[in-house]
Amino acid sequence: MSDYFWKQYEDLPQGLGYMRFSAEHIVTLLVLGVLLVLTVRLLTAQDARRAASMKVLPWIMVGLEIFKDAFLIKTGHFGVGYLPLHLCSLGVFVFIAASLASTFKWRMILSEIACVVIVPGTIAALLFPDWAHLYPVFNFMNLYGYVWHGMLLLYPIMMVKSGWAQLSVRHAHYVWIFMIGVAIPVYFFDRAADCNYMFVNWPPKATPLEMIAHITGDGLYLVGYAVFAFIVIGLIYAGIELYHRSRRSRS
């Protein structure tokens, strides 16, 4: 397996990947979950450590992304399909903006976007990793995918722990402004470059988006996608409001 660690999928023999929800996938998610819990406890044990982490973590993610791109350039596989235009990749820009924000309101807005948009997208990516069938478990690109998405969960959790996130349905318009603001230019870029960032051109296989495409047909796929996103975000806010009500009733 060590022979395959530093290889990109074009250079690997076929059939080395693993299935979603296979033993390899589930064990990897469990390990990631344990590491995430331990990291949150470590970084929030002291106020000074938590504050420093909020400034440093986004730049660690930038460093990881640069390292990955350098690896792809070295192997001759970097291309237009590896730009940071997926929803998960856009998360790091949200994190950087929040860490540099000079007012609490901006940190609150960006934390809302991170928790309501980036976190669900990240969870979906971890449950339905589109790289799993391409790589063996002990491969750099496979492990990088889990580490990257783990950090996309870590930072919003830290936002909540730091008091930046004030999640409320009253802030939903910030989320929709962000979603529309990134989806429209990404859609036109995808059309021009024949890419599939944010999966607006076609759905990844064996995912809820593929099910939506089967129901709506190719012509109405984007409409179904938008309705699905609206429902998911609506359910998230319903859960948030129920949580707030339960806390108020207990107090």
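Just so it is clear, the model here is predicted, and its values are computed rather than measured. (Residues numbered from 1 in each chain as written. Predicted model: local features only at pLDDT ≥ 70, side-chain atom pairs only at ≥ 80, totals over all residues. Heavy atoms only, no water.)

**Q** Teacher, can you tell me more about unusual backbone geometry here?
**A** Excluding glycine, most residues fall at negative phi; most peptide bonds, likewise, are trans. With a phi close to 55°, aspartate 194 is a non-glycine residue in the positive phi region. Within the element layout of this structure, aspartate 194 appears in the loop between α6 (172–193) and α7 (208–216). Judged by relative accessible area, which is 60%, aspartate 194 ranks as exposed. Although it is not a glycine, alanine 206 sits at a positive phi angle of roughly 55°. (Helix = DSSP H or I, 4+ residues; strand = E, 2+ residues; numbered from the N terminus. Buried < 20%, exposed > 50% of the residue type's maximum accessible area, 1.4 Å probe, protein only.)

**Q** Can you help me understand the packing of α6 against helix α8 (residues 221–250) in this one?
**A** Helix-helix packing: each pair is described by the crossing angle between the helix axes and the interaxial distance. Closest axis-to-axis distance for the α6/α8 pair is 12 Å, and the angle between their directions is 155°. Judged on the interaxial angle alone, α8 and α6 are roughly antiparallel. For the crossing formed where α6 meets α8, the hand is right-handed. Contacts from Ala172, Val175, Trp176 and Tyr187 of α6 reach α8 at Leu222, Ala229, Phe230, Ile233 and Tyr237. For the contact of α6 with α8, the residue count by class is nine nonpolar, no polar and no charged. (Axes fitted to C-alpha atoms, helices over the stretch in contact; angles between N-to-C directions. Parallel < 35°, antiparallel > 145°, perpendicular 65-115°, else oblique. Left-handed = near helix turned anticlockwise from the far one by under 90°. Contact = heavy atoms within 4.5 Å. Nonpolar A, V, L, I, M, F, W, Y, C, P; charged D, E, K, R; others polar.)

**Q** Hey, could you run me through a nonpolar patch on the surface in this one?
**A** Together, Leu220, Val223, Val227, Phe230, Ile231 and Leu235 make up a nonpolar patch on the protein surface, roughly 600 Å² of accessible area in all. In this fold, valine 223 is placed in helix α8. Residue classification places valine 223 among the partly exposed residues on the basis of a relative accessible area of 49%. (Patch = residues over 30% accessible without salt bridge, like charges linked within 9 Å, V, L, I, M, F, W, Y side chains within 5 Å. Areas by Shrake-Rupley, 256 points an atom, 1.4 Å probe, with all protein chains shown as cover. Salt bridge = Lys/Arg side-chain N within 4 Å of Asp/Glu carboxyl O.)

**Q** Could you clarify how one ought to interpret the side chain of lysine 68 in this entry?
**A** Position of lysine 68 among the secondary structure elements: in helix α2 (residues 47–74). Reaching out from lysine 68, the side chain makes a polar contact with the side chain of glutamate 65 at a distance of 3.2 Å. (Polar contact = N/O pair within 3.5 Å; in protein donor to acceptor, adjacent residues only side chain to side chain.)

**Q** What is the right way to read the layout of surface pockets from this model?
**A** The gaps of empty space that remain are located by a probe, the size of a water molecule, rolled over the atoms. Roughly 280 Å³ of volume is contained in the second largest pocket. For the second largest pocket, the lining is made up of 14 residues, of which Val31, Leu32, Leu35, Tyr146 and Val147 are closest to its centre. Listed by contribution, the elements that provide at least two residues to the lining of the second largest pocket are α1 (23–43) and α5 (140–161). With eight residues, α1 is the single largest residue contributor to the lining of the second largest pocket. Of the residues that constitute the lining of the second largest pocket, the class distribution is ten nonpolar, three polar and one charged. (1 Å grid on protein atoms, 1.4 Å probe; cavity = no way out; pocket = protein on both sides within 12 Å on 5 of 7 lines; lining within 4 Å. Points joined across faces, edges and corners; volume = space filled by probe spheres on them.)

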